[in-house]
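Notes for the structure review
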Amino acid sequence: MAEYRSLLEELAQNITAEDLEQLKSACKEDIPSEESEAIATSHHWFAFLEKHSKLDRDNLSYIEHIFEISRRPDLLTMVVQYRTQVLKISEEDEVDTKLTRIPSAKKYKDIIRQPSEEEIIKLAPPAQESLRGG
């Protein structure tokens, strides 16, 4: 539990007031606007998420998603490090568990590949014939 609290503290130190507004906006479907206004610090935000079962020491998928869509790879990296080092859940394991969410780039890692030379030739644009008015 100490590692989890340390993670939240480290995350909180890296979230400015402006960041907090962006993070709250990213999860506005889950936080009623009147409650959102009452959340003034990242500590309050984490407490709200814990109270509403969106966050706990072995369930970080929600904040991973929020950090990902808020374009905060620095915060996402901290969570992923905690998950792999403390919870011992690796990228390979995360496909089989509901504890984590696969960051979007990793979903496609097996699909993304360089096309072969033959495929490149097939995809080449057709030769342009000169246009003649007539």
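A few points on the structure.

**Brief notes about the environment of Ser36**
As for its placement among the helices and strands, Ser36 is situated in helix α3 (residues 33-38). When the C-alpha positions of Ser36 and Phe48 are compared, they lie 9.3 Å apart, and in sequence the two are 12 residues distant. Other than its neighbours up to four places away in sequence, Ser36 contacts Lys24 and Ile31.

**Re the packing of aromatic side chains**
Evaluated as defined, the whole model comprises 3 aromatic pairs. With a centroid separation of 6.5 Å and an interplanar angle of 55°, the aromatic rings of Tyr4 and Tyr82 are classed as tilted. Separated by 78 residues along the polypeptide, Tyr4 in helix α1 (residues 2-13) and Tyr82 in helix α6 (residues 73-85) bring together distant segments of the chain. Exposure class is identical for Tyr4 and Tyr82. Each is buried. Aromatic side chains Trp45 and Phe46 sit 5.4 Å apart centroid to centroid with 45° between the ring planes, which places their arrangement in the tilted category. Of the two residues, Trp45 and Phe46, both sit in the buried class. A connected cluster of aromatic rings, assembled from ring pairs, spans Trp45, Phe46 and Phe67.

**Quick notes on the side chain of Ser42**
Note that Ser42 resides in helix α4 (residues 42-51). Residues contacting Ser42, with those up to four places away along its chain left out, are Ala12, Ile15 and Leu20.

**Some points on the pattern of salt bridges**
Going through the model one piece at a time under the given rule, you end up with 6 salt bridges. Note that Arg72 is salt-bridged to Asp19, the shortest N-O span being 2.8 Å. Taken together, the residues Arg72 in the loop between α5 (61-69) and α6 and Asp19 in helix α2 (residues 17-26) connect sequence positions 53 residues apart. When sorted by exposure, Arg72 lands in the same class as Asp19, which is buried. Note that Lys24 is salt-bridged to Glu21, the shortest N-O span being 3.2 Å. Highlighted residues: Lys24 and Glu21, both in helix α2, separated by 3 residues, approximately one helical turn. Since its relative accessible area comes to 4%, Lys24 is described here as buried. Through salt bridges that share partners, Asp19, Arg72 and Asp74 make up one connected network.

**Regarding unusual backbone geometry**
One non-glycine residue, Ser53, lies in positive phi territory at about 55°. As for its position among the elements, Ser53 is in the loop between α4 and α5. At Arg71, a position not held by glycine, the phi torsion is positive, near 55°. Structurally, Arg71 can be placed in the loop between α5 and α6.

**A short note on the side chain of Lys24**
Polar contacts involving the side chain of Lys24 include one to the main-chain carbonyl oxygen of Ser36, which spans 2.8 Å. Setting aside anything within four residues of it in sequence, one finds Lys24 in contact with Ser36, Ile39 and Trp45.

**Here we look at the packing of α1 against α4**
Helix-helix packing: each pair is described by the crossing angle between the helix axes and the interaxial distance. Running from N to C, α1 and α4 point in directions that differ by 135°, and their axes come no closer than 9 Å. Between α1 and α4, the angle falls in the class oblique. Between α1 and α4 lies a crossing of right-handed hand. Here α1 contributes Tyr4, Arg5, Leu8, Glu9, Leu11 and Ala12 to the contact with α4, which in turn contributes Ser42, His43, Phe46 and Glu50. Split by residue class, the contact of α1 with α4 holds 5 nonpolar, 2 polar and 3 charged.

About the cut-offs
- Residues numbered from 1 in each chain as written.
- Predicted model: local features only at pLDDT ≥ 70, side-chain atom pairs only at ≥ 80, totals over all residues.
- Heavy atoms only, no water.
- Helix = DSSP H or I, 4+ residues; strand = E, 2+ residues; numbered from the N terminus.
- Contact = heavy atoms within 4.5 Å.
- Phe/Tyr/Trp six-rings, centres within 6.5 Å; stacked < 30°, edge-to-face > 60°.
- Buried < 20%, exposed > 50% of the residue type's maximum accessible area, 1.4 Å probe, protein only.
- Salt bridge = Lys/Arg side-chain N within 4 Å of Asp/Glu carboxyl O.
- Polar contact = N/O pair within 3.5 Å; in protein donor to acceptor, adjacent residues only side chain to side chain.
- Axes fitted to C-alpha atoms, helices over the stretch in contact; angles between N-to-C directions.
- Parallel < 35°, antiparallel > 145°, perpendicular 65-115°, else oblique.
- Left-handed = near helix turned anticlockwise from the far one by under 90°.
- Nonpolar A, V, L, I, M, F, W, Y, C, P; charged D, E, K, R; others polar.

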